[in-house]
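Per-entry structural report
Spelled out, the chains give:
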Amino acid sequence: DQQVKQNSPSLSVQEGRISILNCDYTNSMFDYFLWYKKYPAEGPTFLISISSIKDKNEDGRFTVFLNKSAKHLSLHIVPSQPGDSAVYFCAASATLNNNDMRFGAGTRLTVKP
Amino acid sequence: DAGVTQSPTHLIKTRGQHVTLRCSPISGHKSVSWYQQVLGQGPQFIFQYYEKEERGRGNFPDRFSARQFPNYSSELNVNALLLGDSALYLCASSLMGNEKLFFGSGTQLSVL
């Protein structure tokens, strides 16, 4: 059962423009959401997170928005840089200490110079 | 400080064999989780250990087992390998649970 879905397998944007990566979830018990970035031959690295008590969290060029009623979150990267080219995974868990974090299938972002 | 280290980085096995994958967490981290990532999919949860106790198990057959040692390092064992077990196996550590996982680079397992 795919409780976390990233419906866009790939996204291509021009350097300097905004990248918007989307994620939908089905389990209403999820209350903590994370984005990970993965380069080839490396493990995923943590990018940014948001808990369900917030609807926005910002860290530099990266902002995550959470719409609980729509069970939807998005990651905005602005301005996009070529070094941002990677696979981005959305992840969710029911509690901070839950033993089962669910990941989406990932979106491959390509930022063109 | 060293990050999460996994060994080996690559492994080739044949069907029916067993395999042991190893993981050393970041110093001070007491929780280790194992994930399987098949090409084109996101990581799927296999096990989580905290303070040497199994805290959770994903939807994987009993051929998969794991343990955590007193120094918080961990092993993932897979018996009777199938072709479908070919995947990237990721280990992640954290202080207590899922607050933020730190992943290793993974072990790429190929079953022929």
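Our structure's up above, just so we're on the same page.
Residues numbered from 1 in each chain as written. Chains lettered and ligands numbered in written order. Predicted model: local features only at pLDDT ≥ 70, side-chain atom pairs only at ≥ 80, totals over all residues. Heavy atoms only, no water.

**Points about the pattern of salt bridges**
All names here are of chain B. The full count for this structure, using the stated rule, is seven salt bridges over all chains. Here Asp62 ties to Arg57 by a salt bridge, and the two come within 3.7 Å at their closest N and O atoms. For Asp62, a relative accessible area of 71% puts it in the exposed group. A salt bridge links Arg67 to Glu75; the nearest nitrogen and oxygen atoms lie 3.3 Å apart. In this structure Arg67 comes out as partly exposed when scored by relative accessible area, which is 45%. On the basis of relative accessibility, which here comes to 11%, the residue Glu75 falls in the buried class. Each of the salt bridges in this network shares a partner with another, and the network as a whole consists of Arg22, Arg67 and Glu75. (Salt bridge = Lys/Arg side-chain N within 4 Å of Asp/Glu carboxyl O. Buried < 20%, exposed > 50% of the residue type's maximum accessible area, 1.4 Å probe, protein only.)

**Quick notes on the interface of chain A and chain B**
Interface size, as often reported, equals the accessible area lost upon joining of the parts. Taken together, the contact pairs 20 residues of chain A with 21 residues of chain B. With both chains or domains summed, chain A and chain B bury close to 1600 Å², and 56% of this area falls on carbon and sulfur atoms. Between chain A and chain B we count zero salt bridges in total. Where chain A touches chain B, the interface holds one residue pair in polar contact (both at pLDDT 80 or more). Of all elements in the fold, only strand S4 (32-38) and strand S9 (86-93) of chain A reach the threshold of two or more residues within the side of chain A that touches chain B. Top contributing element to the side of chain A that touches chain B by residue count: S4 of chain A, with four residues. (Contact = heavy atoms within 4.5 Å. Buried area = accessible area lost by both parts, 1.4 Å probe. Polar contact = N/O pair within 3.5 Å; in protein donor to acceptor, adjacent residues only side chain to side chain. Helix = DSSP H or I, 4+ residues; strand = E, 2+ residues; numbered from the N terminus.)

**A short note on the packing of aromatic side chains**
Note on aromatic pairs: each is described by the distance of the centres and the angle between the planes. One pass over the full model with this rule turns up 11 aromatic pairs over all chains. Judged by centre distance (6.0 Å) and plane angle (75°), the rings of Tyr36 of chain A and Phe46 of chain A are edge-to-face. One end of the pair, Tyr36 of chain A, is in strand S4; the other, Phe46 of chain A, is in strand S5 (residues 45-51), and 10 residues separate them in sequence. The exposure class assigned to Phe46 of chain A is partly exposed, which follows from its relative accessible area of 26%. Between Phe47 of chain B and Tyr49 of chain B the ring centres are 6.2 Å apart and the planes differ by 50°, which places this aromatic pair in the tilted class. Taking relative accessible area as the criterion, Phe47 of chain B reaches 1% and is therefore assigned buried. Above the ring of Tyr50 of chain B, the side-chain terminus of Arg55 of chain B is found at 4.4 Å from the ring centroid. (Phe/Tyr/Trp six-rings, centres within 6.5 Å; stacked < 30°, edge-to-face > 60°. Lys NZ or Arg CZ within 6 Å of the ring centre and 35° of its normal.)

**As for the state of the cysteines**
Under the defined criterion, the tally for this structure stands at two disulfides over all chains. Between Cys23 of chain A and Cys90 of chain A runs a disulfide, and the two sulfur atoms are separated by 2.0 Å. Given an S-S torsion of about -75°, the disulfide between Cys23 of chain A and Cys90 of chain A has left-handed geometry. In this pair, Cys23 of chain A is assigned in strand S3 (residues 19-25) and Cys90 of chain A in strand S9, connecting sequence segments 67 residues apart. Judged on exposure class, the residue Cys23 of chain A and its partner Cys90 of chain A are both buried. Disulfide pairing places Cys23 of chain B opposite Cys91 of chain B at an S-S distance of 1.8 Å. Here the S-S torsion is close to -65°, and the disulfide linking Cys23 of chain B with Cys91 of chain B is therefore left-handed. Taken together, the residues Cys23 of chain B in strand S3 (residues 19-24) and Cys91 of chain B in strand S9 (residues 87-94) connect sequence positions 68 residues apart. We note that Cys23 of chain B, like Cys91 of chain B, is buried. (Disulfide = S-S within 2.5 Å.)

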